[in-house]
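Descriptive analysis of the structure
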Amino acid sequence: MDQNRSDIFTGSFTQQEPIPEEGIEAAIAIMRSGRLHRYNVKGDEPGEVALLEQEFAAAMGVKYCLAVASGGYAMTTALRALGVRPGDRVLSNAFTLAPVPGAIAAVGAVPVFVGVTEALTIDLDDLEAKADQASVLLLSHMRGHICDMDRLLEICTRHGVRVIEDCAHTMGARWRGRLSGTDGVIGCYSTQTYKHMNSGEGGFLVTNDDQVMARAVILSGSYMLYPRHLAAPEPAVFEAVKYDTPNISGRMDHLRAAILRPQLRRLEAQCAAWTDRYRVVEAGLRDCPGLRLIDRPDEEAFVGSSFQFLLLDWAAPKVRDVVARCAARGVELKWFGAAEPAGFTSRYDSWRYAPSAPMPASDRILAGILDMRLPLTFSLEDCALLARIIRAEVSAVHQAA
Ligand SMILES: *Cc1c(COP(=O)(O)O)cnc(C)c1O
């Protein structure tokens, strides 16, 4: 027991794995060639970016894919490609990260926040109640939690709401066997360092819609070189939109694409490795008094790249105490409910540029959410230790009533 009490975790919560050697080799070859811009190709070589798009579209089972500069850029492009205009209202999650309301603000639109449930997913009753207020939903699968997508699609179809999925935390995840990002009109992904593939910065947009894809390609800055894309519609589709679609540059370059292609090939194995880690932490925290685990439905094949639990209805000083005691033992927990945004922001009322009405039921949940990253540099033994430390500190604070 004394031994356990003194256990300290020494791993880094921000340390990802190295880029696969294959990717490093490919990146060096690109640098040697001097041809880094996606449209700078020699003869009829397709280039790394177009190949990556083709491969990502195939991996997701969709027709079209555009590789872009960031996940945030993918979302603003998606909103623009669906014709969202300044002043329009866009439904979105009250529980998400700042780039999501930021994307809505970037196009001059106004978020209508939809509440969060104890499963950490969008509150579908609240969505039903608010669905007539907008014609687009930017749905964030925040921290990898996927709502009942069948019911969500039924609600959105009935109200004529088109869905953009933010899959920053669900690349490779599924709902009833369907890959995340393929249920909506558009799926958006990030390849920023802390997501499921790492190119430093980067992102993807996928769709099966011809017009949407043509607009997205032109928006991203194609300089009318769209025939060079391998995962885009026929040139004739572009003819219909090319004079009316502005160029808002945000392309991906060959260097990033080169390091992503080998990562895409092992995405499935990586996702499984994350979920193994998640399950070890979950098992270690089961039946810990005062701590509530998040229910994961059977329909959801999630990617456990981060772990959340609830200290529901705990007084704020006690939550702070748990965070501090865990930190003292090397375990970095983020308290998403903290009043002041720090390093990350995930509370709708800290986005003052986006007006919101109070949502007491969501506030109760947000106030109790704790979050921990699980990078693949952590072993399963590391994960068991993390759970032991959290369990001990939560129990100690809980018992001290
Ligand atoms: C990281 C993230 C994004 C966008 O990512 P960037 O590539 O950093 O723009 C979008 N949504 C969520 C929930 C994220 O965590």
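Secondary structure assignment for the protein yields 14 helices and 14 strands. Rg of the C-alpha trace for the protein: 22 Å, near the compact-globule value of 21 Å for 401 residues, within the 12% margin. Expressed along its principal axes, the backbone C-alpha trace of the protein runs to roughly 70 × 50 × 35 Å. Of all 401 residues assigned to the protein, the portion counted as buried reaches 54%. The long-range share in the protein, meaning contacts at least 24 apart out of those at least 6 apart in sequence, stands at 73%. For the protein, the exposed area adds up to about 16,500 Å²; of that, 51% sits on carbon and sulfur atoms. Of the side chains in the protein, 42 bear a positive and 49 a negative charge, and the two mean positions are spaced by 3 Å.

Further remarks concern the side chain of Ser222. Here Ser222 lies in the loop between helix 8 (210-219) and helix 9 (235-239). Judged by relative accessible area, Ser222 falls into the buried class, the value being 2%. Here Ser222 is in contact with Tyr39, Val217 and Asn247, once residues within four sequence places are set aside.

Glancing now at a negative patch on the surface. Negative charge collects at one region of the surface, where Asp148, Asp295, Asp298 and Glu299 lie side by side. Position of Glu299 relative to the elements: it lies in the loop between strand 10 (292-293) and strand 11 (300-301).

Near the ligand there are 16 residues, and of these Gly72, Asp166, His169, Ser190 and Lys195 occur at the shortest range. In the model, an oxygen atom of the ligand is placed 2.7 Å from a nitrogen or oxygen of the His169 side chain. Between the ligand and Ser190, the relevant distance is 2.7 Å, taken from an oxygen atom to a side-chain nitrogen or oxygen of the residue. Look at the ligand: alone it shows 380 Å² of surface, and the protein chains cover 90% of it. When residues of the shell around the ligand are traced back to their parent elements, those giving at least two are helix 4 (71-81) and helix 5 (99-106). Broken down by element, the shell around the ligand gets its largest block of residues, three residues, from helix 4. Tallied by class, residues from the shell around the ligand come to five nonpolar, nine polar and two charged.

What counts and how
- Residues numbered from 1 in each chain as written.
- Predicted model: local features only at pLDDT ≥ 70, side-chain atom pairs only at ≥ 80, totals over all residues.
- Heavy atoms only, no water.
- Helix = DSSP H or I, 4+ residues; strand = E, 2+ residues; numbered from the N terminus.
- Rg over C-alpha atoms; globule rule 2.2 N^0.38 Å.
- Buried < 20%, exposed > 50% of the residue type's maximum accessible area, 1.4 Å probe, protein only.
- Contact = heavy atoms within 4.5 Å.
- Areas by Shrake-Rupley, 256 points an atom, 1.4 Å probe, with all protein chains shown as cover.
- Lys, Arg positive; Asp, Glu negative; His and termini not counted.
- Charge placed at Lys NZ, Arg CZ, Asp CG, Glu CD.
- Patch = residues over 30% accessible without salt bridge, like charges linked within 9 Å, V, L, I, M, F, W, Y side chains within 5 Å.
- Salt bridge = Lys/Arg side-chain N within 4 Å of Asp/Glu carboxyl O.
- Near = heavy atom within 4 Å.
- Polar contact = N/O pair within 3.5 Å; in protein donor to acceptor, adjacent residues only side chain to side chain.
- Nonpolar A, V, L, I, M, F, W, Y, C, P; charged D, E, K, R; others polar.

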